[in-house]
Amino acid sequence: MGDRREELAAALAEVERHVEDACRAAGRSRSEITLIAVTKTYPASDVRLLAELGVSHVGENRDQEAAAKAAECAGLGLTWHFIGQLQTNKVRSVVSYAHMVHSVDRPRLVDALSREAARAGREVDCLVQVALDGGAGRGGAVPEEVPALAALVAKAEGLRLRGVMAVAPLGEDPAAAFARLRAVAGRVREDHPAADVISAGMSGDIPQAVANGATHLRVGTALLGRRKPFVR
């Protein structure tokens, strides 16, 4: 466990340097950026070690895995982010632990999240996921649909519209993709000034995300190492 802690501490320090360099290049303050450790396929023991090292935001993309980890790490004061594509039959579980859902991409999901948040007496922060690749398989609403979906979230009971999220399309320059996301985010903020979150950027495209206004970075591989296959 000592070796793993040292490994994670070194990786976290390297990621922090990377984020600070990106902020400096973009003329931004490091305090504007929230680092989310994406711990999918890694054990709750890694989450605990990261918490000891000062990480307070954790991201997961599978409910089955996330629910168990959130329960095991209860009491650590962590903020849990659900970042994967979300099926409506998993919403009740996700609402029980997630503080922010990054992958709101259709009206039916808004309805399900609102119903379960109200039932649980919770307020869940939501980001509208934007498909920067035209909706080719990774989830998200196409940019033209985002304002209407954002309006639905904003008026839904138990939900709070916080902004937008996207993944840079494979094979495309992430700077160009995130510039489009920044434009969509600006349109959302015109109607909803408090929706100021832009969740963009992963291990391989932090500088491009920060340069284009990202407020939340979702970093997995650079912190925890290469993914292990998920075992049911």
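What this report covers is the structure whose coordinates are included nearby. The shown structure was predicted, so the numbers you read here are calculated from the model rather than taken from an experiment. (Residues numbered from 1 in each chain as written. Predicted model: local features only at pLDDT ≥ 70, side-chain atom pairs only at ≥ 80, totals over all residues. Heavy atoms only, no water.)

In this structure, Cys23 sits in helix α1 (residues 2-26). Look at Cys23 and you get buried, because its relative accessible area is 1%. Distance from Cys23 to Ile206, taken between C-alpha atoms, is 9.6 Å for residues 183 residues apart in sequence. In contact with Cys23, not counting residues within four places along its chain, are Arg28, Ser29, Arg30, Ile33 and Val210. (Helix = DSSP H or I, 4+ residues; strand = E, 2+ residues; numbered from the N terminus. Buried < 20%, exposed > 50% of the residue type's maximum accessible area, 1.4 Å probe, protein only. Contact = heavy atoms within 4.5 Å.)

Turning our eyes to something else, we now look at the nonpolar core. Among soluble globular proteins, nonpolar side chains are generally buried collectively. One finds Val101, Leu113, Leu159, Leu181 and Leu217 to be the most contacted residues of the largest nonpolar core, which totals 68 residues. For Leu181, the residues in contact, after removing those within four places along its chain, are Val130, Leu132, Val164, Met165, Ala166, Ile198, Ser199 and Ala200. Among the nonpolar cores identified, the runner-up in size contains 5 residues, and Met100, Leu127, Met165 and Val197 belong to it. (Core = buried A, V, L, I, M, F, W, Y, C linked by side-chain atoms within 4.5 Å.)

For strand β6 (residues 159-165), the tally of buried residues reaches 6 of 7 residues, placing the bulk of the element in the interior. Where strand β5 (residues 124-129) meets β6, 6 bridges bridge the pair, whose relative direction is parallel. Of the residues in β6, the one forming a bridge with Val124 is Leu159. For the crossover from β6 across helix α7 (residues 174-191) to strand β7 (residues 197-199), the handedness is right-handed. (Pairing = 2+ DSSP bridges. Right-handed = clockwise from strand over helix to strand, strands pointing away.)

As a further point, take the layout of surface pockets. When its volume is computed, the second largest pocket comes out at roughly 180 Å³. Taken together, 12 residues make up the lining of the second largest pocket; nearest its centre are Ala168, Pro169, Leu170, Met202 and Asp205. Split by residue class, the lining of the second largest pocket holds 6 nonpolar, 3 polar and 3 charged. (1 Å grid on protein atoms, 1.4 Å probe; cavity = no way out; pocket = protein on both sides within 12 Å on 5 of 7 lines; lining within 4 Å. Points joined across faces, edges and corners; volume = space filled by probe spheres on them. Nonpolar A, V, L, I, M, F, W, Y, C, P; charged D, E, K, R; others polar.)

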